[in-house]
Each structure stands twice: as structure tokens, then as C-alpha cells.
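So you can see what is in the structure, the chains are spelled out below.
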Amino acid sequence: MPHSFGYRARTRHMFKRGFKEHGPVKMSTYLITYRVGDIVDIKANAAQQKGMPHKYYHGRTGIVYNVTPAAVGVIVYKVVGNRYIEKRVNLRVEHIRHSKCRQEFLDRVKANHDAHAVAREKGERVNLRRIPALPREAHTVSVAQNVPQTMVPVRYETTI
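Note that the coordinates shown come from a computational prediction; the quantities given were computed from them, not determined experimentally. (Residues numbered from 1 in each chain as written. Predicted model: local features only at pLDDT ≥ 70, side-chain atom pairs only at ≥ 80, totals over all residues. Heavy atoms only, no water.)

1. Some points on helix α1 (residues 103–122)
With 20 residues, α1 extends 29 Å between its outermost C-alpha atoms, agreeing within 8% with the 28 Å of an ideal straight helix rising 1.5 Å per residue. Just past α1, the residue G123 takes up positive phi, approximately 75 degrees. (Helix = DSSP H or I, 4+ residues; strand = E, 2+ residues; numbered from the N terminus. Expected span 1.5 Å × (residues − 1).)

This is the structure:
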């Protein structure tokens, strides 16, 4: 039952660095370019305490609205009561990374464009919509070469 209510209270495991990921922040972290409108994931890096997000924003996804030399401003939507509030948080680049949430969509857009171009050359139409997984086809199970077996648990036996 915790009794402290500090800014980083109850973050013992949340802000922990991963296995073999301890030590200073890699230089490649600072070379990543962020632009306004990019979708980023917020993940606090405990090696850098400056510009660290509050524990609520750890693991959230937001949109970049401001870029400065050492930090970025991110818009995150927070559920408060029965509504969403737009929160603007300023974070250093060590605590964010580009989100992969749109990658599957972008891959599908590219594949659809290629399929459409090929179909257009051939002069035919192609269905680009996603089709949900259909139920399995009906079939009968034969017991001619497949005799039913009765399954029973094995009794526990001690060897002492």
C-alpha cells in the first residue's frame, strides 16, 4: 500500500531500462528527424531525466505539433470523465520514437496502388477491399481409418 504521491511514484518497473539496454543514450537517437504531423510513441528513457513525460503518458501515442532543437511538442488525447481533452506535452527526443501504427496501412496503400496499376494496363477491374476471414468449409470426419480414442488422465505415482 504506497504512501508517496510524487511525480514518479509507482514507476519502478515502468521506467526500468530493458535487458542489456542500460547506460547512456545512443547517439542515433539524436539523429532521428521529427516533423510536424508525425505520429510518435511516448516511452520514457530513464537514462535522461530532463524532458521526461509524466507516467500517464508512458506508452501513449500522439502527434507532433512543435519541433525545437532538443525536444518536440506532442498532442495526446486524455480521457477525463466522459470526454477527450487534448493535452500538449513537451518531451525530449530521448523519450519518443516514430510509431509503427500506420505502417500496415501504408503498406496496403502501396500494394493496392500497384495492383490497380497492373489491372489498369490489362483493362480489367480488381477488388482492392479487405475480405474478412470466412468460416471454414463444412466437412465430415470418417471413422473408418480413424478409430475414436478415449482420453483419460494418467494417475500420479510417486517414486519415493
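2. Observations regarding the packing of aromatic side chains
Aromatic ring pairs are described here by two measures, namely the spacing of the ring centres and the angle between the planes. Scanning all chains against the criterion turns up one aromatic pair. Where Y56 meets Y57, the ring centres are 5.1 Å apart and the plane angle is 90 degrees; that geometry is what we call edge-to-face. Note on Y57: relative accessible area 8%, which makes it buried. If you follow R60 out to its NZ or CZ, it ends over the ring of Y56, 4.1 Å from the centre. Sitting over the face of the ring of Y65, R88 holds its NZ or CZ atom 4.4 Å from the ring centroid. (Phe/Tyr/Trp six-rings, centres within 6.5 Å; stacked < 30°, edge-to-face > 60°. Buried < 20%, exposed > 50% of the residue type's maximum accessible area, 1.4 Å probe, protein only. Lys NZ or Arg CZ within 6 Å of the ring centre and 35° of its normal.)

3. Comments concerning the nonpolar core
Residues Y34, V40, I42, Y57, V64, V72, V74, V76, V89, L91, V93 and I96 constitute the largest nonpolar core, which totals twelve residues. At the level of secondary structure, the elements contributing two or more residues to this core comprise β1 (39–42), β3 (71–80) and β4 (83–92). Sort the elements by how many residues they give to this core and β3 lands first, with three residues. Excluding anything up to four places from it in sequence, V89 contacts I42, Y57, V72, G73, V74 and V76. (Core = buried A, V, L, I, M, F, W, Y, C linked by side-chain atoms within 4.5 Å. Contact = heavy atoms within 4.5 Å.)

4. Remarks on the sheet that holds β3
Working definition: the strands of a sheet are paired by backbone hydrogen bonds and lie parallel or antiparallel to each other. On the basis of which strands lie adjacent, the open sheet formed by five strands has the order β4-β3-β2-β1-β5 and antiparallel pairing. Here the strands that pair on one side only, and so sit at the sheet edges, are β4 and β5 (96–98). On average, adjacent strands in this sheet sit at an angle of 45 degrees to one another, irrespective of strand direction. For β1 and strand β2 (residues 61–67), the ladder comprises three bridges, and the chain directions are antiparallel. (Pairing = 2+ DSSP bridges. Axes fitted to C-alpha atoms, helices over the stretch in contact; angles between N-to-C directions.)

5. Comments concerning the pairing of β1
A one-sided burial pattern is seen for β1, the buried positions being V40 and I42 and the unburied ones I39 and D41. Relative to β5, β1 is paired through three bridges, and the arrangement is antiparallel. Looking at the pairing, V40 lines up with H98 of β5.

6. Section: unusual backbone geometry
Backbone geometry places R10, a non-glycine residue, at a positive phi of 65 degrees. Within the element layout of this structure, R10 appears in the segment before β1. A positive phi angle, near 60 degrees, is found at K20, a position not held by glycine. Here K20 is to be found in the segment before β1. Exposure remark for K20: the relative accessible area of 73% places this residue in the exposed category.

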